[in-house]
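Chain by chain, the residues:
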Amino acid sequence: MEKELFWGGEKYLNPLTNYGFKRIFGSETYKELLINFLNELIHDQGKIINLNYLTTEQLGQKETDRKAIFDIYCKTDCDKYFIVELQKVRQAVADISQLTTKEMEEYKKSITEYADVQDAILYYEQKGRDEGFSEGVEKGIEQEKIQIAKKCLEKGYSIETISEITGLSLEKIKNINDIL
């Protein structure tokens, strides 16, 4: 059975997926590549001068707590330390055609998970923009009503009439009048 060479039109592993990142950066052979990659990501936090591959697992105290695996321990030139979660696997080139059938299935799964996360992020970003826009429009309308109320007060209209025109409460118009 011939191995599937490409999936989703891609030739190379996506390093933004869990599997792709581990496959590309997870060995001593590519340590300098990983250091350079991480330095590009954190350039304003200091420069990584060394990293060590570890196999430390930290379990939560309760069954419901998350488990964390800390596999890369980094040190910067500013004496800062941080960790990168990664599982070490034997490195081959990042070319998808080099994956076994099982690895291809794992990669496909990680691409799907990555896409799900991206979709969720986009959804909440759009929701936030929509809510922010609606809130901005409401504030703008409220400010316009207040400006109209001020002009009406200056012209001597009654508070009741201004309330009818703008839809503002009598109390709000009285507060505006007190400020003028």
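Report on the accompanying structure. Residue indices follow the written sequence of each chain, beginning from 1 at its first position. This being a predicted model, a pLDDT of at least 70 is required before a residue's local features are given, and a value of 80 or more before pairs of side-chain atoms are given or counted; all residues contribute to the totals for chains, interfaces and linings. Heavy atoms from the whole structure form the basis of all side-chain values; hydrogens and water molecules are not counted.

1. Considerations on the overall build of the protein chain
A tally of regular secondary structure across the protein chain gives 5 helices and 3 strands. Every helix listed is a DSSP run of H or I at least four residues long, and every strand listed is a run of E at least two residues long, numbered separately from the N terminus. Going from N to C terminus, the protein chain has its helices and strands arranged as α-α-β-β-β-α-α-α. Remark: exposure states derive from per-residue accessible area (1.4 Å probe, protein chains only) relative to the maximum for the residue type, with buried under 20%, exposed over 50%, and partly exposed in between. Counting every position in the protein chain, which comprises 180 residues, the buried fraction comes to 28%. We call two residues in contact whenever any of their non-hydrogen atoms come within 4.5 Å of each other. Excluding contacts between residues fewer than 6 apart, the proportion of contacts in the protein chain whose partners are at least 24 apart in sequence is 49%. Only the protein chains shown count as cover for residues, and all accessible areas are computed by the Shrake-Rupley method using a 1.4 Å probe. As presented, the protein chain carries roughly 13,000 Å² of accessible surface, and 52% of it is formed by carbon and sulfur atoms.

2. A look at unusual backbone geometry
A positive phi is found at D79, a non-glycine position, where the angle reads about 60°. Summarising the element assignment, D79 is placed in the loop between β2 (68–76) and β3 (81–84).

3. Topic: the side chain of E103
Here E103 lies in helix α3 (residues 101–154). For E103, a relative accessible area of 19% corresponds to the buried category. A distance of 2.8 Å separates a polar atom in the side chain of E103 from the backbone nitrogen of T100. Non-local contacts of E103, meaning those with residues more than four positions away in its chain, are made with Y19, R23 and Q98. Polar contact criterion, stated in full: a pair of N or O atoms within 3.5 Å, where within protein one must be able to donate a hydrogen and the other to accept it, and residues adjacent in sequence count only if both atoms are side-chain atoms.

4. A look at helix α4 (residues 159–166)
Three or more residues of α4 are buried, namely I159, I162, S163 and T166. Taken down its axis, α4 places every buried residue within 100° of arc, on the same side. Away from its buried face, by an angle of more than 90 degrees, α4 presents the exposed residues E160, E164 and I165. Note on α4: the residue one or two positions beyond its end, G167, has a positive phi of about 85°. To obtain the arc, one takes the directions from the helix axis to the C-beta atoms.

5. Section: the packing of aromatic side chains
Within 6.5 Å between ring centres, the rings of Phe, Tyr and Trp (the latter by its six-membered ring) count as paired, and their orientation is classed by plane angle as stacked under 30 degrees, edge-to-face over 60, tilted in between. Under the definition given, this model contains 2 aromatic pairs. Plain terms: the ring middles of Y73 and Y81 are 5.4 Å apart, the flat faces sit at 15° to each other, and that makes the pair stacked. Owing to a relative accessible area of 33%, Y73 belongs among the partly exposed residues under this scheme. When the ring of Y123 is compared with that of Y124, the centres are 4.9 Å apart and the planes differ by 80°; the resulting orientation is edge-to-face.

6. Remarks on the pattern of salt bridges
The working definition used for a salt bridge is a side-chain nitrogen of Lys or Arg within 4 Å of a carboxyl oxygen of Asp or Glu. Counting across every chain of the model gives 4 salt bridges. Close ionic contact of K75 with D79 constitutes a salt bridge, the shortest N to O distance being 3.6 Å. For K75, a relative accessible area of 27% puts it in the partly exposed group. Using a relative accessible area of 54% as the deciding quantity, one classes D79 as exposed.

7. Notes on the packing of α3 against helix α5 (residues 170–179)
Angle between the axes and distance between the axes are the two parameters that describe a pair of packed helices. Structural elements are reduced to axes, namely lines fitted to C-alpha atoms, with helices fitted over the stretch in contact, and the angle between N-to-C directions of any two is expressed from 0 to 180 degrees. The interhelical angle for the contact between α3 and α5, taken along N-to-C directions, is 60°, at an axis separation of 10 Å. The pairing of α3 with α5 is recorded here as oblique in orientation. Considering only the axes of α3 and α5, their crossing is right-handed. Listed contacts from α5 to E142, I146, A149, K150 and L153 of α3 are K172, I173, I176 and N177. Taken together, the residues that form the contact of α3 with α5 break down as 5 nonpolar, 1 polar and 3 charged. Any angle from 65 to 115 degrees is called roughly perpendicular, while one under 35 is roughly parallel, one over 145 is roughly antiparallel, and all others are oblique. Should the near helix be turned anticlockwise from the far one by less than a right angle, the crossing is termed left-handed; should it be turned clockwise, right-handed. Residue polarity follows a fixed list, in which Ala, Val, Leu, Ile, Met, Phe, Trp, Tyr, Cys and Pro are nonpolar, Asp, Glu, Lys and Arg are charged, and the others, Gly among them, are polar.

8. A short note on the packing of α3 against α4
Running from N to C, α3 and α4 point in directions that differ by 150°, and their axes come no closer than 10 Å. As the angle between them shows, α3 and α4 are arranged roughly antiparallel. Between α3 and α4 lies a crossing whose hand is right-handed. In contact with K145, I148, A149, C152 and L153 of α3, α4 contributes I159, I162, I165 and T166. For the contact of α3 with α4, the class distribution of residues is 7 nonpolar, 1 polar and 1 charged.

Nothing here speaks to function; it is geometry throughout.
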